[in-house]
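# Coordinate inspection notes
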Amino acid sequence: MASSAAVLEDGSLLSRLDGQLLRLEQLLALVSGLAVFSLMVLAVVSVGGRNTVNAPLPGYVDWIEQVMPLIAFMGISYVQRDGGHIRMDILIGSLRGRALWLFELISVLIILLLMMALVYGSWSHFDRSFDFAAPLWSRDSSIDISLPIWPAKLLVPVAFSVLCLRLVLQAWGYGRAMILGLKHPVAVPLIQSAAAQAAAEAEQLSEAGNGAQKD
Amino acid sequence: MEPIDIGLWVTGFMLVMVVAGMRVAFAAASAGLIGLIWIFWAKFGYAPDKFTKALTVSIKVAGQVPHSKVSSQALSLIPTFILIGYLAYYAGLTKALFEAAKRWIAWLPGGLAVSTVFATAGFAAVSGASVATSAVFARIAIPEMLAIGYNKQFAAGVVAAAGTLASLIPPSAILVIYAIIVEQDVGKLLLAGFIPGAFSAIVYVTLIVGIAVFFKNVGPPVTGFTWRQRFEALPAALPIIFVVVIIICFVYNPFGDEAWGTPTEGGALGAFVVFCMAIYNGMKWEQLKSALLETAKLTVMIFTIIWGVLIYVRFLGFADLPGAFSDWITSLEMSPMLILVCILLAYAVLGMFMDAIGMLLLTLPVVYPAVMALNGGESVAAADSAFGMSGTMCAIWFGILVVKMAEFCLITPPIGLNCFVVAGVRDDLTVQDVFRGVMPFFIADGVTIALLVAFPSIVLYLPSLAG
Amino acid sequence: TEWNVSVWGKRRAFTEHVERLAELVSEKTNGEFTLNISYGGLSKNKENLDGISIGAFEMAQFCAGYHRDKNPTITVLELPFLGVNTLAEEVAVSHAVYAHPAVQADLARWNAKLLMTSPMPQYNIVGTGEPRDELAEFKDMRVRATGGIGKAFSSVGAVPTSVTATEAYNAMESGVVDTVAFAQHAHLAFGTINRAEWWTANLNPGTVNCPVVVNTDAYDMLSDSEREALDSSVGEAIDHYLANYGALLSKWDDVLVEKGVTKVEISESELAEFRKVAADPIREAWIADMTAQGIPAQELYDLVMDTLADQRK
Ligand code: NA
Ligand code: NA
């Protein structure tokens, strides 16, 4: 059950930091989207080249494999900001007030711990493929046209670090809500009822669907 | 403690976290990381001074997984299929399709409902996601049905059920995910979804016509469209057919013996055609930008579950739990078919509470090898197998069955997501209304699944043609 | 001692020496030292060296061509048209190269010690359409061949086309490629032989080199008897591999007949011409490139040639 939810804002420091980080996250998510678009372009170039001048894109598969991390990781923090990562909220949805915030806080702290570990782990994965002394700094290359792989591997710890920042803000937001006993805390995604959430989702889709029609 | 015991403990711990409401991707990844640390520390004999080493090795092993698993050409189909779906909204293809279906086939009893099923099936051929499909048709089709006096619950049920077609009829994000987990040919799996998808649609249509004939006031036919009007509705809907033809022909060409390219290329070119359509229909940068952002969001969400679960799967590899589970399954003294039915029923129960993608990712790494072992192994010949099909064909058949189960769960209470979506779109409908309306389809799906189990050739006909 | 071994795919001719090694080692130590072979459960094939370097598992198989920059020295064995004709020759040149200090230093960066090779036959091509047995006919031919072999084909005007191994069958069926270069067992495994109309019997454009390595620390921690059991089993494991693969190769001609695939023999003069345009410049570029990185490239190449000459005496 995707629990995409609303995030409230006010003029507080926390909320302003949330806004700043959101701008970065949106930019990264857009990079992700443009990378999806580039898959389409790669295919058009390769198929077009093959069928017109018998020149498919050299290393087509290598290029796709390089683009995939851009698509998969850059938006991870943006999705976490809106609470868009899938979870089962039957149980957690029945909690209210401090109990709910405590629960969310614990959950965010576990994720933060995990992601800090993975920043280290993915950095070391990058580090093994990187060598200042080697041509193109490359110590790991793709199978077909020997593209250096370290840039793609570097994306992972970078995206995960942004997610860690986001998780720190959310921990702050939930912690604050728990201590102060807030009803509508800022800078954290609030659970909507399944129905309200479905309405929001459908709203967004049908807006999209009507967006460009000429009628 | 033996690695397999560690595997069971950690798996239990993960399920507790998931049920408690931890985000699935991170619950799986944390469980995987904890499991790896446990396994390595156990290997070092739990020596206190070796804990740091176990920790470092585990974190480095887990840290490899995201990049390693995600940079795969086969997975590139997922974002492509999602992009096609979003661009199709912008191109206004959805409405055009419903309009054409209405003018051509609404004269049948329950005509508008039948048109809805056909239009949804058509849209399913460019959309990879069920929930989005239901949401769109709830807006387009329900008002028209209500306007001519359809039963409200029935109309809602039609849309909720028809939305599930999107994950069987190619392209389908969920079938791609299945193919990746079980390491089978994506193209053949997509192809295999086609007939069961169409078959489900026909079962739905038969049911609708039956209901409309039997209960006169449920869904009156719509007549009076002239042939001229019918043909006028076609051009706007044609691009869908064009895209479908492109994708199908890149996977397997039914018109000759040569396909046009590879499935990866087909998906990407399909997206390009829809993109051109959307541009032609006046899409601006702002709209393209939000389509790209929405695509990125959904893609990232799916990929995060994928690598999260794969960290857990990497741990399972070190614990050899899949091996142990399939040894256990094959040692049971029950007929393989009965065991398979039990597995499918277990999916039905699990699916009541879980999201389809999360459910498949969490269970398949353990269940799939067991099912393959049940049939006689990955490379078994049809003649020596338990289900009368080769290993490859069994993988395809089981994939379609599991995906159909997952779709079935989208319309079952208490957490049928499609039903919530339809109720959410319409202020005049409660979730209970939709669940009541979807009930007949629920039974129809049960029949469909039974038929797919009993007659595997419905699933395997097309893939076996593709060699 | 229990070791985890990371290989990939299914059990096949390509992994038989590892399976045999596990049997032998366990027998010789009365079950004291066991090898747990995992097919893909522990790592992705392209990351087996990373796993060895981390210490995630103790033994692994990989192919040098998957990642040239991880193991530049071994790629000498993947140069096109080296002239290796049999699996036994492949074993001899591989093990000679593995014993070279520069190669060992290269792998030491991954904390890896080379144990043995997995000899692969030459990547001869299968194709659709009219058999191509002259150099001129390779012009504009779309071929699925990676790395050095791909470069060799492009130097005679062919068009290397990027397709994954799993999509190779689709690619052939759809005309995305006209020809595919694989070892025989892969032509069978990926089904390319089923689309083929011809196979080049003597083109021998080159092959990939796939060593089995062990983690140096784990190797050093073995007891003397365990190490002895491991080292002494390599020869027999390789013999088993050669016998097993040999059986597969002897069936190959039957497979060709059964599938109606024409066996194409290319004339010696055409081959000489191919070697001149393809092999020489690629080799020279490789030597210059590697020498610039401080690798004794010429020495490694000479070592291969000398070993090959010795082997044929
Ligand atoms: Na679909
Ligand atoms: Na359900």
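Residues numbered from 1 in each chain as written. Chains lettered and ligands numbered in written order. Predicted model: local features only at pLDDT ≥ 70, side-chain atom pairs only at ≥ 80, totals over all residues. Heavy atoms only, no water.

## Digging into the interface of chain B and chain C
Test applied: Contacts are assigned to residue pairs that have any heavy atoms within 4.5 Å of one another. When two parts are brought into contact, each loses some accessible area as probed by a 1.4 Å sphere; the total of that loss over both is the buried area. What counts as a salt bridge is simple: a side-chain nitrogen of Lys or Arg found within 4 Å of a carboxyl oxygen of Asp or Glu.
The interface of chain B with chain C comprises 26 residues on the first partner and 24 residues on the second. Between chain B and chain C, roughly 2000 Å² of surface is buried when both sides are summed, and carbon and sulfur atoms account for 45% of that area. It is Lys43, Gln64 and Phe318 of chain B in chain B that bury the most area against chain C; as a group they hold 22% of the surface buried on that side. Scanning the region where chain B abuts chain C turns up one salt bridge.

## What to know about unusual backbone geometry
All names here are of chain A. How we decide: Put simply, DSSP H or I for four residues or longer makes a helix, DSSP E for two residues or longer makes a strand, and each gets a number counted from the N terminus. To sort residues, take the accessible area from a 1.4 Å probe on protein chains only and compare it with the maximum for the residue type: under 20% means buried, over 50% means exposed, and anything in between is partly exposed.
Unlike most non-glycine residues, Leu136 shows phi in positive territory, near 55°. One can find Leu136 in the loop between α4 (97-128) and α5 (150-180). For Leu136, a relative accessible area of 63% translates into the label exposed.

## Some details on the coordination of the sodium ion (ligand 2)
Ideal geometry at a metal gives 109.5 degrees between four tetrahedral donors and either 90 or 180 degrees between six octahedral ones. Note the threshold: Here the coordinating atoms are restricted to nitrogen, oxygen and sulfur within 2.8 Å of the metal centre, or 3.2 Å for Na, K and Ca, and because water is not among them the sites may look incomplete.
Coordination sphere of the sodium ion (ligand 2), protein contribution only: Cys409 of chain B (O), Thr412 of chain B (O) and Thr412 of chain B (OG1), at 2.2 to 2.8 Å. Using a relative accessible area of 3% as the deciding quantity, one classes Thr412 of chain B as buried.

## Some thoughts on the packing of helix α8 (residues 152-162) of chain B against helix α10 (residues 186-214) of chain B
Residues and elements named next belong to chain B. Heads up, the condition is: Simply put, an axis is a line fit to the C-alpha atoms, just over the touching stretch for a helix, and the angle between two N-to-C directions goes from 0 to 180 degrees. If an angle is under 35 degrees, it is roughly parallel; if it is over 145, roughly antiparallel; if it lies from 65 to 115, roughly perpendicular; otherwise it is oblique.
Relative orientation of the contacting elements α8 and α10 amounts to 170°, with a least axis distance of 12 Å. In terms of orientation, α8 lies roughly antiparallel with respect to α10. Packed against α8, whose contacting residues are Phe154, Val158, Ala161 and Ala162, the element α10 presents Tyr204, Ile208 and Ile211 at the interface.

## Quick look at the interface of chain B and chain A
Let me state the cut-off plainly: Under the rule applied, a polar contact is a pair of N or O atoms within 3.5 Å (in protein, one hydrogen donor and one hydrogen acceptor; residues adjacent in sequence only if both atoms are side-chain atoms). We call Asp, Glu, Lys and Arg charged. Ala, Val, Leu, Ile, Met, Phe, Trp, Tyr, Cys and Pro are nonpolar, and the rest, Gly among them, are polar.
Taken together, the contacts link 75 residues of chain B with 78 residues of chain A. In this assembly, chain B packs against chain A so that about 6800 Å² is buried in total across both faces, 74% of it on carbon and sulfur atoms. For the chain B face of the interface with chain A, the top three residues by lost area are Arg23, Phe26 and His67 of chain B, together amounting to 12%. The tally of links between chain B and chain A comes to two salt bridges. Among the salt bridges present, the one from Asp82 of chain A reaches Lys297 of chain B, with a minimum N-O distance of 3.4 Å. Put simply, chain B and chain A have four residue pairs in polar contact (both at pLDDT 80 or more) between them. Among the elements of the structure, α1 (3-20), α2 (24-43), α3 (51-70), α4 (77-90), α7 (130-147), α12 (263-280), α13 (285-319) and α18 (417-425) of chain B are those that each provide at least two residues to the side of chain B that touches chain A. Broken down by element, the residue count for the side of chain B that touches chain A peaks at 17 residues, all from α13 of chain B. Its residues placed into classes, the side of chain B that touches chain A shows 45 nonpolar, 21 polar and nine charged.

## What to know about the side chain of Glu25 of chain A
Residues and elements named next belong to chain A. With respect to the helices and strands, the residue Glu25 is situated in helix α1 (residues 13-53). A relative accessible area of 1% places Glu25 in the buried class. Excluding its chain neighbours within four sequence positions, the residues that come into contact with Glu25 are Ser77, Tyr78, Arg81, Val162 and Arg166.

## Quick look at a negative patch on the surface
Residue and element names in this part refer to chain C. For the record, the criterion: Any residue with relative accessible area above 30% and no salt bridge may belong to a patch, with like charges joined within 9 Å and the nonpolar Val, Leu, Ile, Met, Phe, Trp and Tyr side chains within 5 Å. Each accessible area value is a Shrake-Rupley result obtained with a 1.4 Å probe; residue values ignore everything except the protein chains displayed when judging cover. Residues counted as positive are Lys and Arg, residues counted as negative are Asp and Glu, and His and the chain ends are not counted. Charged side chains are reduced to one point each, which is NZ for Lys, CZ for Arg, CG for Asp and CD for Glu.
On the surface, Glu130, Asp133, Glu134, Glu137 and Glu197 cluster together into a negatively charged patch. Along the chain, Asp133 turns up in the loop between β5 (125-127) and β6 (142-144). According to the relative accessible area criterion, Asp133 is partly exposed, its value standing at 31%.

## Remarks on the pairing of strand β1 (residues 2-7) of chain C
One face of the sheet, then the other: side chains in a regular strand alternate in exactly this way. All names here are of chain C. Stated formally: Here, strands pair whenever DSSP counts at least two bridges between them. The handedness rule is simple: strands pointing away from the viewer, and a clockwise path from the first strand over the helix to the second, make the crossover right-handed.
Of all six residues making up β1, five are buried, and the element is well covered by its neighbours. As judged from the six bridges shared by β1 and strand β2 (residues 34-39), these two strands associate in the parallel manner. Within β2, the position partnered with Glu2 by the bridge is Thr34. For the crossover that starts at β1, traverses helix α1 (residues 16-28) and ends in the parallel β2, the hand is right-handed.

## Concerning the sheet that holds β2 of chain C
All names here are of chain C. Sheet architecture is open: five strands sit in the order β2-β1-β3-β10-β4, paired in mixed fashion. Each of the sheet's edge strands pairs with one partner strand only, and the pair in question is β2 and β4 (112-117). The mean angle between the axes of side-by-side strands here comes to 25°, regardless of whether they run parallel or antiparallel. In this sheet, strand β10 (residues 211-215) lies alongside strand β3 (residues 59-61) in antiparallel orientation, the contact comprising three bridges. Considered in β10, the bridge of Gln61 is made with Val212. On top of the sheet, helix α3 (residues 87-98) reaches β4 and β10; it is set at about 165° to β4, its chief contact.

## As for the nonpolar core
Quick reminder of the rule: Side-chain atoms within 4.5 Å are what join buried Ala, Val, Leu, Ile, Met, Phe, Trp, Tyr and Cys residues into a set we call a nonpolar core.
Ranked by internal contacts, the top residues of the largest apolar core, which has 305 residues, are Met115 of chain A, Trp307, Tyr347 and Phe398 of chain B together with Phe138 and Phe153 of chain C. A total of 18 residues in this core trace back to one element, the largest contributor, which is α13 of chain B. Contacts of Phe398 of chain B, omitting those with residues within four sequence positions, involve Tyr178, Leu340, Ile343, Tyr347, Leu364, Val367, Tyr368 and Val371 of chain B. Leu21, Val91, Val212 and Ala218 of chain C belong to the second-largest nonpolar core, a separate cluster that totals 22 residues.

## Some words on helix α4 (residues 101-108) of chain C
All names here are of chain C. What counts, and what does not: What the arc covers is the set of directions going from the helix axis to the C-beta atoms.
Turning to α4, its buried residues number three or more, namely Ala102, Val103, Asp106 and Leu107. Summarising the axial view, the buried residues of α4 lie within an arc of 135°, below the 170-degree limit, and thus occupy one face. In this structure, the buried side of α4 is in contact with α2 (48-54), α3, β4, β10 and α12 (297-311).

Note that every value here comes from positions in space, so none of it alone points to a role or purpose.
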